[in-house]
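Summary of the model geometry
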Amino acid sequence: MMMNISNRIFCIALLISTFTVVGCGTGVNLLSKSDDIQLGQKMQAQIAADPAHYPVLNNPNVTSYIQGIVNTIVSSPNVKNKDFRYVATVINDDKTVNAFAVPGGPIYVYTGLLKFIDNEATLAGILAHEITHVDHRHSSEQISQQYGLQILSSVIVGQTANNGILSQIVEYTTAAGGALASLRFSRNDERDADKTSFEDLMALPGRPWYPAGIKYFMIKTVPMEGKGSTSFSKNFSTHPPSQERLDAVNKQAKDAKLPEPNENQLKSGELQRMKAML
Ligand SMILES: [Zn+2]
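Residues numbered from 1 in each chain as written. Predicted model: local features only at pLDDT ≥ 70, side-chain atom pairs only at ≥ 80, totals over all residues. Heavy atoms only, no water.

**Examining the coordination of the zinc ion**
Coordination angles at a metal have ideal targets, namely 109.5 degrees for four tetrahedral donors and 90 or 180 degrees for six octahedral donors. Counted only if it meets this: Any N, O or S atom lying within 2.8 Å of the metal counts as a donor, with the limit raised to 3.2 Å for Na, K and Ca; because water is left out of the atom set, some sites can appear incomplete. Starting at the N terminus, helices and strands are each numbered in turn, a helix being any DSSP run of H or I of at least four residues and a strand any DSSP run of E of at least two. Relative accessible area decides the class of each residue, using a 1.4 Å probe on protein chains only: under 20% of the type maximum gives buried, over 50% gives exposed, and in between gives partly exposed.
The protein atoms donating to the zinc ion are His129 (NE2), His133 (NE2) and Glu190 (OE), with metal-donor distances spanning 2.0 to 2.1 Å. Along the chain, the residues donating to the zinc ion are arranged with the sequence spacing H-x3-H-x56-E. On the criterion of helical spacing, the pair formed by His129 and His133 is a turn pair, its members being four residues apart in helix 5 (residues 120-135). For the pair shown, His129 and His133 are each scored as buried.

Put into structure tokens, the structure is as follows:
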């Protein structure tokens, strides 16, 4: 359900005043959690209807392998919104080294990313990063900033979420370049996702993966940055520079006094077995 009108008017007032004072990055969210789920379902349907851009890999073994890692991460005490539907889909596109999540839970991983990385701890770190975008509701925060006034006016004229602004937002955000067009997180969102990825994995009972595993992705991408690789262009344009991300995760690992990982925490063998199925 959408939040009630007085709540929303309060939020929009806060949004406007905060814009005036500090500009973007307010953290104000005008959408409810069920709006996130609805929005995500609509985007999921559009992705499913566009196999030319999003060819889904039909390999239940690979999908359930990814889903198992997602489920374990979501069980972390550090994940707040456990009622979102964190469902993994693998996109069969070796040229794209990326993963993304849509509001409310659906998570997409490209085969290009799976082939690029070297161990399961890195995959867990990347999936925890995507789970954070969902869990911390970064998309609907961005939408609240971009469409705040329209959301408020839709409330004033009495439109509901289903037939009003939410549909318009979905149409607008998916019209130009597919669903990914709507996933323009701020760099602060990206920093939050990296930081929380580490914390989610740190808090997991038994700590099945080295919590700083995402750093191996960054170590590989630092030398490639700025070299015009199309596989990475989307990734690089929306994330802080890899070196900055790497420095931040190294600092987290150092502050937590994490020892260097062994194979039990990297699980490269598990990842290689999955890769052999691709
Ligand atoms: Zn991200």
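**Overview of the packing of helix 3 (residues 60-74) against helix 5**
The test is simple: Here an angle of 0 to 180 degrees is reported between the N-to-C directions of two axes, which are lines fitted to C-alpha atoms, with helices fitted over the stretch in contact. Small angles under 35 degrees read as roughly parallel and large ones over 145 as roughly antiparallel, with 65 to 115 read as roughly perpendicular and the rest as oblique. The crossing is said to be left-handed when, going from far helix to near helix, the turn is anticlockwise and less than a right angle, and right-handed when the turn is clockwise. In what follows, a contact means two residues having at least one pair of non-hydrogen atoms within 4.5 Å. For this classification, the nonpolar set comprises Ala, Val, Leu, Ile, Met, Phe, Trp, Tyr, Cys and Pro, the charged set comprises Asp, Glu, Lys and Arg, and every other residue, Gly included, is treated as polar.
One can describe the packing of helix 3 onto helix 5 by two numbers: an axis separation of 10 Å at closest approach and a directional angle of 60°. Taken together, the axis directions place helix 3 and helix 5 in an arrangement best described as oblique. At the point where helix 3 passes helix 5, the crossing takes the right-handed sense. In this structure, helix 3 contributes Tyr65, Ile66, Ile69, Val70, Ile73 and Val74 to the contact, and helix 5 contributes Glu120, Leu123, Ala124, Leu127, Ala128 and Ile131. Taken together, the residues of the contact of helix 3 with helix 5 sort by class into 11 nonpolar, no polar and one charged.

**Comments concerning unusual backbone geometry**
Trans peptide bonds make up the majority, and among non-glycine residues the majority have a negative phi. Backbone geometry at Lys257 places phi at a positive 55°, although glycine is not the residue there. For Lys257, the position within the fold is in the loop between helix 11 (242-255) and helix 12 (263-266).

**Overview of the packing of helix 5 against helix 8 (residues 187-202)**
At a closest axis distance of 8 Å, the pairing of helix 5 and helix 8 adopts a crossing angle of 120°. On the basis of the axis angle, helix 5 is oblique to helix 8. Viewed along their axes, helix 5 and helix 8 form a crossing whose handedness is right-handed. Contact with helix 5, carried on its side by Ala124, Gly125, Ala128, His129, Thr132 and His133, involves Asp189, Glu190, Asp192, Ala193, Asp194, Thr196, Ser197, Asp200 and Leu201 of helix 8 and no other residues of that element. Within the contact of helix 5 with helix 8, the residues separate by chemical class into four nonpolar, six polar and five charged.

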